[in-house]
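This is what each chain is made of:
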Amino acid sequence: MPMNRGGFSFLLAPGFRKIVFETYKERPIEGSKITNSNSSKKAYEEDFPIAGFGTLQAKPEGGSIIYQDGIQGSKKRYTWTTYGLAYRITQEMYDDDLYGIFGGRFAKALGRSARNNEEIVRHAPFNNAFSTSYIGFEAAKSLCSTTHVTLRGATVSNRSATDADFGLIPLQAAIEHFAALTDESGLPMVLTPKRVIHSPGDQWIVASVLKSQYLPGGNANDINEIANQGLMPHMSHYMTDADAWYVQADQHDVNYFDRRPFAFSNFDDFDTGDAKFKGTRRNGSGFGDWRGIYGSQGS
């Protein structure tokens, strides 16, 4: 149903000092720091993992060398969803609006809706990080799992065996995880923990653990070595689980794609004179390799 003069009669009369509508300051896009930003010109994008070779094997004198094959994995497909919103106003309402709300302010409001959509899509891999229906290369394996299986058959975990709220000891376990991480063939990898992703409710404990010179909660003046690791806090307002937290490495494979960026368009209906406005986009997100992320759902 179009918005008409009956529904917005106050906008037809002069006298208001200020119309309070979409006047708030915007935060920078938070999800852009925790996802790789990509564009696409295809109906879908695919990643394909291949395992190289393990370490060299001893060759006895006069004996044959050991041969080893590379191993291919399963492809990961990123697909797109079309999102959109529209609104419609009568010609009379557009003509008689004294405050310019329908001429431009509602268009800006649609832009805010698009910003929120981008944040939701960028955060989807994290908000589904423990769901086996939101998969990467391994079928029925979540982004954070205790049973990842490498192409050469090793089982690896990138979450705590027992989920725990963020704290000093759980974070130490996460850092040690990255130090011991190996690739698909079991060779050591160099992934450096870079940031702690957390919800607003954890900002105080995260700051205490990451920035305190001495071990938080103690009185022995023991040095807090984690403060020297260079980890940065990243507070997200789009986390759907207030207790979940993640450590993200300097290299990761959590990806966001813009297939078609947000576009705004408008036209007039010939029969009624109503003005129609819409904004649409196509985008998607997901993950390929899980190794750049360590996570916990909290207790």
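Here the structure is shown first, and the text comes after it.
Described in the following lines is the structure provided in the data block. (Residues numbered from 1 in each chain as written. Predicted model: local features only at pLDDT ≥ 70, side-chain atom pairs only at ≥ 80, totals over all residues. Heavy atoms only, no water.)

Relative to the helices and strands, Gln-72 is located in strand 4 (residues 71-72). By relative accessible area, Gln-72 is classed as exposed at 59%. Separated by 20 residues in the primary sequence, Gln-72 and Gly-52 place their C-alpha atoms 9.1 Å from one another. What Gln-72 contacts, discounting residues up to four positions off in sequence, is Phe-48, Pro-49, Ile-50 and Leu-151. (Helix = DSSP H or I, 4+ residues; strand = E, 2+ residues; numbered from the N terminus. Buried < 20%, exposed > 50% of the residue type's maximum accessible area, 1.4 Å probe, protein only. Contact = heavy atoms within 4.5 Å.)

An order of 1-12-13-6 is seen for the four strands of this open sheet, with the pairing classed as mixed. Of all the strands in the sheet, just strand 1 (36-39) and strand 6 (81-89) have a single pairing partner and so form its edges. Between one strand axis and the next, the sheet turns by 25° as a mean value, whatever way the strands run. Looking at chain direction, strand 6 and strand 13 (residues 275-287) are connected through nine bridges and run antiparallel. Paired with Gly-84 across the bridge in strand 13 is Thr-280. (Pairing = 2+ DSSP bridges. Axes fitted to C-alpha atoms, helices over the stretch in contact; angles between N-to-C directions.)

It is worth spelling out helix 4 (residues 203-211) at this point. Considered for burial, the residues of helix 4 that qualify are Val-206, Val-209 and Leu-210. Projected down its long axis, helix 4 carries its buried residues within an arc of 90°, all on one side. Turned more than 90 degrees from where helix 4 packs its buried face, Trp-204 and Lys-211 sit exposed. (Arc of directions from axis to C-beta.)

Counted under the stated rule, the structure contains twelve salt bridges. Notably, a salt bridge pairs Glu-45 with Lys-42, separated by 3.4 Å at the nearest N-O pair. Classification of Glu-45 by relative accessible area gives buried; the value is 16%. Given the relative accessible area of 47%, Lys-42 is considered partly exposed. We note a salt bridge from Arg-281 to Asp-258, for which the minimum N-O separation is 3.7 Å. Placement of the pair is Arg-281 in strand 13 and Asp-258 in strand 12 (residues 254-268), with a sequence separation of 23 residues. Note on Arg-281: relative accessible area 5%, which makes it buried. Residues joined in a network through salt bridges with shared partners are Arg-88, Asp-269, Asp-274 and Lys-276. (Salt bridge = Lys/Arg side-chain N within 4 Å of Asp/Glu carboxyl O.)

Following the criterion strictly, the structure yields nine aromatic pairs and no others. An angle of 70° between the planes, with centres 5.4 Å apart, marks the rings of Phe-126 and Tyr-246 as edge-to-face. Here the residue Phe-126 occupies a position in helix 2 (residues 101-127), and Tyr-246 occupies one in strand 11 (residues 245-249), the gap between them amounting to 120 residues. Taking the relative accessible area as the measure of exposure, Phe-126 reaches 1% and is therefore buried. Arranged with centres 5.2 Å apart and planes meeting at 90°, the rings of Phe-166 and Trp-245 form a pair that is edge-to-face. Pair noted here: Phe-166 is in the loop between strand 8 (155-156) and helix 3 (168-179) and Trp-245 is in strand 11, with a separation of 79 residues, a long-range link. Of the two residues, Phe-166 and Trp-245, neither departs from the other in class, the shared state being buried. (Phe/Tyr/Trp six-rings, centres within 6.5 Å; stacked < 30°, edge-to-face > 60°.)

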